[in-house]
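Chain by chain, the residues:
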Amino acid sequence: MENNNETQSRGKYLFAAFLAPFIWGFMSISVRWIRDYPAEDILYFRIVTALLVLWLYILLFRRKSLLLDFHKFQSLSRKGKIRQTGLIVLAALLIFGNWFTYIYAVNHISIQSAALAYLTCPLITAAAAYFMLKEQLTSWQKIALLVAFGSVCILANGSLIDVLWAITIAVCYAFYLIIQRISTGFDKLNQLVIQLSICALFVIPKLFYNHHDIPTTPIFWSTIVLIASLFTIIPLFLSMYALIKISSTTTGVLLYINPLIAFTLAATYFQEPVSPIKYVAYSIILVAIVIFNINAIKQTFFKPAGG
């Protein structure tokens, strides 16, 4: 009975880990609803709306966690405070760049470029962690990185613009994750709200002196609220909830649900032309992903019963 209860309990966290990237995979649909608006306007109002929702949630339900992190920061040495502040500011710039390039790519380049970005992002993150953080990679993981690089070269021959946008999106998010990995000891949700607050310092003056008229259509504001809540806050909460019981390797494998859904939508729902060479290149990337995560896949999906 105890094992059954433990399995059922773990199932809730596994479902949350699956649901977060599943939701993110459909984000391109809502972004396309407001493609006639400038990408920077979509970004600015997404940041402001998400920031308001996050601050409201934290002040209502997570004040103790916020105060705890504040006291932790105050207890740091002067050098530690400068380091932590620098990491937060750099993370804010990277998430700002990631969100803008994603929105612009979805609305003005192609859905496929955004899908490619999040297929290659974990591999770029792993390579950056290997060179910058000296994290170890197995021989199979190194082979997987080389295979993925070869696939990107194939895609570049077919559509260099798509690849350049995909790499820009992926690099911004990959280095954002690297900074999150370095910046330990503080609650991730509290860090996010501070990062968005820093973004808002740039965004709010731009809104006051924006040469674009403030949108007034219901479709724009309902979509912005949807993006800020369903496609920003909720998946983040689900990811945090899943990590209570589910390992980061398991969640890492499940993250690939996002770009696979996005690529499927690009080829079917949005009817974007997909050349045969792209199917080959994406298939190679999938092979690289499986090779890179082979141990995590074995542990997650082929764990012996009772182990």
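Criteria and thresholds
Residues numbered from 1 in each chain as written. Predicted model: local features only at pLDDT ≥ 70, side-chain atom pairs only at ≥ 80, totals over all residues. Heavy atoms only, no water. Salt bridge = Lys/Arg side-chain N within 4 Å of Asp/Glu carboxyl O. Helix = DSSP H or I, 4+ residues; strand = E, 2+ residues; numbered from the N terminus. Buried < 20%, exposed > 50% of the residue type's maximum accessible area, 1.4 Å probe, protein only. Patch = residues over 30% accessible without salt bridge, like charges linked within 9 Å, V, L, I, M, F, W, Y side chains within 5 Å. Areas by Shrake-Rupley, 256 points an atom, 1.4 Å probe, with all protein chains shown as cover.

Draft legend 1. How the structure looks around the pattern of salt bridges. Applying the stated criterion across every chain, the model contains 2 salt bridges. For Glu272, the salt bridge identified is with Arg32, shortest N-O distance 3.3 Å. One end of the pair, Glu272, is in the loop between helix H12 (257-267) and helix H13 (276-292); the other, Arg32, is in helix H2 (residues 27-33), and 240 residues separate them in sequence. Accessibility classification places Glu272 together with Arg32 in one group, the buried group. Of the charged contacts, one joins Asp187 and Arg62 as a salt bridge, the two residues approaching to 2.6 Å between their closest N and O atoms. One end of the pair, Asp187, is in the loop between helix H8 (160-182) and helix H9 (188-208); the other, Arg62, is in the loop between helix H3 (39-61) and helix H4 (63-75), and 125 residues separate them in sequence.

Draft legend 2. Expanded view of a nonpolar patch on the surface. Together, Leu56, Tyr57, Leu60 and Phe61 give the surface a local cluster of nonpolar side chains, amounting to about 430 Å² of exposed area. Here Tyr57 lies in helix H3. For Tyr57, a relative accessible area of 30% puts it in the partly exposed group.

Draft legend 3. Quick peek at unusual backbone geometry. Positive phi outside glycine occurs at Gln271, with the angle close to 55°. Along the chain, Gln271 falls in the loop between H12 and H13. Under the relative-accessibility criterion, Gln271 is labelled exposed at 60%.

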